[in-house]
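Notes for the structure review
Residue strings, one per chain:
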Amino acid sequence: MAGNSEPLSPRAKLAVTAGRAAAAVSRAAGRGSGSVIGGRVALKLDPDLLARLAAHLDVVLVSATNGKTTTTRLIAEALRATGEEVVSNALGANMPAGITSALAGGSKARYGVIEVDEKYLAGVAKDVTPKAIALLNLSRDQLDRAAETRMLAEHWREGLAGSKAVIIANADDPLVVWAASSSANVVWVAAGQEWKDDAWSCPSCGGVMQRPGDDWLCGECGFRRPTPTWALSGDHVLDPHGSAWPIRLQLPGRANRANATTSAAVAAAFGVPPQVALERMYSVQAVAGRYDVVSYLDRDIRLLLAKNPAGWLETFSLIDPPPAPVILAVNARGADGTDTSWLWDVDYSRLAGHPICVIGDRRLDLAVRLEVAGVDFQVFDTAAEAVRACPPGRIEAIANYTAFQDLRRAVGN
């Protein structure tokens, strides 16, 4: 039933009110949206608030290293085709506090579409009893904070064992397959996997993974790619009946077509036909500023987010060909992870031929990496200096998380 049929207890109402007040103060002080501090305050007053707020919702959880914010947005749009209200943490506050803040505004909603940080997936799933969980990929990210990828997969596997949710999982990522295989009801999606450097050893036995063509298998224990029922095929989604549905997105790139494929499979679990779901996804032009094109200093700057080696690999495939100028921005603050050693896992030689400008807190770290890659670049202190150094026309700007937020503020987005 849509809407909260069981009113919140006085304690829960107080927690929600206090959380909203804290969020409002944070916004007024210019400290951001306030969703995280608001959720923390609310959960401090009522530790069970997240479960209470989700009790009336049909919840979808989305977790991955890359693509979860975009996929969450696409699923939310697809489910709105039902005519029911959808509540979602659209801005990407994906830990329990941010999720609690988002759900506090969904008392009249039928569906909750929630992005969840990889480390918190099992705990959030326990609280909100999801109807579906989408698992996209696992790769190295924030090395000082997140566990090793095999350990994350094991955490998922243990946390999802016995779950009654429908698990919609990427059949092309061995770590995701191993994690999801503990569940009884799994829908496998052939969404692809460009970055493979975190999945060369078998997560089940540690043996060397073999990758003949698009397949993968472990020759030692027999663990192998499951047969998918949904698949990305070029610019089409193949459904379980073999029908091909065209993907028409305003979001660029193969990775977003893969996100749309998974989103269509999730929507189908809630009765939304693929054609209807994919048509709704076309309305998404940008996601929390990602892919926006902003006019600044007489240039058009396209804002692209890349937080880890897998993300940079996918992003390089999106940019205009040389000699399109590229601005690269890297920070190493708490939200990014303070370990920048991941820069050495990115193949920056792919940027050869592009005029490159480097900014951000860790611009010198990035400059050393580019010099070793044999790529020409210039280092600047500010975004404005970098933009002025670029010729007229479109600039591709690639940044990790807090550098992306800094860049958005600098260009007025």
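Residues numbered from 1 in each chain as written. Predicted model: local features only at pLDDT ≥ 70, side-chain atom pairs only at ≥ 80, totals over all residues. Heavy atoms only, no water.

Another point: the sheet that holds strand S4 (residues 132–135). The mixed open sheet is built from 9 strands, whose spatial order is S2-S3-S1-S4-S5-S6-S9-S10-S11. What marks the edges here is a single partner per strand, and that holds for strand S2 (86–88) and strand S11 (244–246). Here the strands of the sheet are splayed against their neighbours by 20° on average, with no regard to which way each runs. As paired strands, strand S1 (residues 58–63) and strand S3 (residues 111–115) are joined by 5 bridges and run parallel to one another. (Pairing = 2+ DSSP bridges. Helix = DSSP H or I, 4+ residues; strand = E, 2+ residues; numbered from the N terminus. Axes fitted to C-alpha atoms, helices over the stretch in contact; angles between N-to-C directions.)

Before going further, it helps to spend a moment on the packing of aromatic side chains. In total, this model carries 6 aromatic pairs according to the counting rule given. Seen in terms of ring centroids, Trp216 and Phe223 are 5.1 Å apart; in terms of plane orientation they differ by 50°. Their pairing is tilted. A centroid spacing of 5.9 Å and a plane angle of 65° characterise the contact between Phe316 and Tyr348, whose relative ring orientation is edge-to-face. Taken as a pair, Phe316 in helix H11 (residues 309–316) and Tyr348 in the loop between strand S14 (326–329) and strand S15 (356–359) lie far apart in primary sequence, 32 residues in all. Neither residue differs from the other here; Phe316 and Tyr348 are each classed as buried. Cluster of aromatic residues (ring-pair linked, three or more members): Trp312, Phe316, Trp342 and Tyr348. Here the guanidinium or amino end of Arg211 rests over the ring plane of Trp200, the centre of that ring lying 5.3 Å away. (Phe/Tyr/Trp six-rings, centres within 6.5 Å; stacked < 30°, edge-to-face > 60°. Buried < 20%, exposed > 50% of the residue type's maximum accessible area, 1.4 Å probe, protein only. Lys NZ or Arg CZ within 6 Å of the ring centre and 35° of its normal.)

Right, let's get into the sheet that holds S14. The 6 strands are arranged S12-S13-S17-S14-S15-S16 in an open sheet whose pairing can be described as mixed. Edge strands, defined here as strands with exactly one partner in the open sheet, are strand S12 (293–296) and strand S16 (378–379). Against the sheet, H11 touches strand S13 (299–305), S14 and strand S17 (393–399), its axis set at about 165° to S17. This element, helix H12 (residues 363–373), spans S14, S15 and S16 of the sheet and lies at about 145° to S15. (Contact = heavy atoms within 4.5 Å.)

Considered as a void within the structure, the largest pocket measures approximately 1400 Å³ in volume. Together, 39 residues line the largest pocket, and Val36, Gly92, Ala93, Ala335 and Tyr401 are the ones closest to its centre. Looking at the lining of the largest pocket, the elements with two or more residues in it are helix H2 (35–45), helix H4 (68–79), helix H5 (96–103) and helix H14 (401–410). Ranked by residues supplied to the lining of the largest pocket, first place goes to H14 with 6 residues. Quantified by volume, the second largest pocket comes out at close to 340 Å³. Those elements giving two or more residues to the lining of the second largest pocket turn out to be helix H1 (10–28), H2 and H5. The residue makeup of the lining of the second largest pocket, split by class, is 10 nonpolar, 12 polar and 2 charged. (1 Å grid on protein atoms, 1.4 Å probe; cavity = no way out; pocket = protein on both sides within 12 Å on 5 of 7 lines; lining within 4 Å. Points joined across faces, edges and corners; volume = space filled by probe spheres on them. Nonpolar A, V, L, I, M, F, W, Y, C, P; charged D, E, K, R; others polar.)

On to the UniProt feature "active site" (unreviewed entry) in the protein, then. UniProt tags Asp339 as "active site" (unreviewed entry). Relative to the helices and strands, Asp339 is located in the loop between S14 and S15. Asp339 gets classed as partly exposed once you look at its relative accessible area, which sits at 28%. Within the local environment of Asp339, its side chain forms a polar contact with the side chain of Ser341, the two groups lying 2.7 Å apart. (UniProt positions renumbered as here; feature names shortened; annotations may be inferred. Polar contact = N/O pair within 3.5 Å; in protein donor to acceptor, adjacent residues only side chain to side chain.)

Within this structure, the stated rule accounts for 2 cavities of 30 Å³ or more. What the largest cavity holds in volume is close to 610 Å³. Along the wall of the largest cavity there are 36 residues; nearest its centre are Asn66, Gly67, Asn137, Ala255 and Glu314. Those elements that provide at least two residues to the lining of the largest cavity are H4, helix H9 (254–269), S13 and H11. Ranked by residue count, the leading element in the lining of the largest cavity is H9, at 6 residues. Its residues assigned to classes, the lining of the largest cavity shows 13 nonpolar, 16 polar and 7 charged. Space inside the second largest cavity adds up to approximately 30 Å³. Every residue lining the second largest cavity is listed: Asp141, Gln142, Lys307, Ala335, Asp336, Asn400 and Tyr401. When grouped by side-chain class, the residues that make up the lining of the second largest cavity number 2 nonpolar, 2 polar and 3 charged.

What follows covers the pattern of salt bridges. Evaluated as defined, the whole model comprises 26 salt bridges. Across the pair Asp46 and Arg52 runs a salt bridge whose closest N-O atoms are separated by 2.8 Å. Between Arg350 and Asp347 there is a salt bridge, and its shortest N-O distance comes to 4.0 Å. On the basis of relative accessible area, Arg350 is assigned to the partly exposed category, the value being 46%. On the accessibility criterion, Asp347 (39% relative accessible area) is partly exposed. One continuous salt-bridge network, built from bridges that share partners, spans Asp58, Glu84, Arg110 and Lys131. (Salt bridge = Lys/Arg side-chain N within 4 Å of Asp/Glu carboxyl O.)

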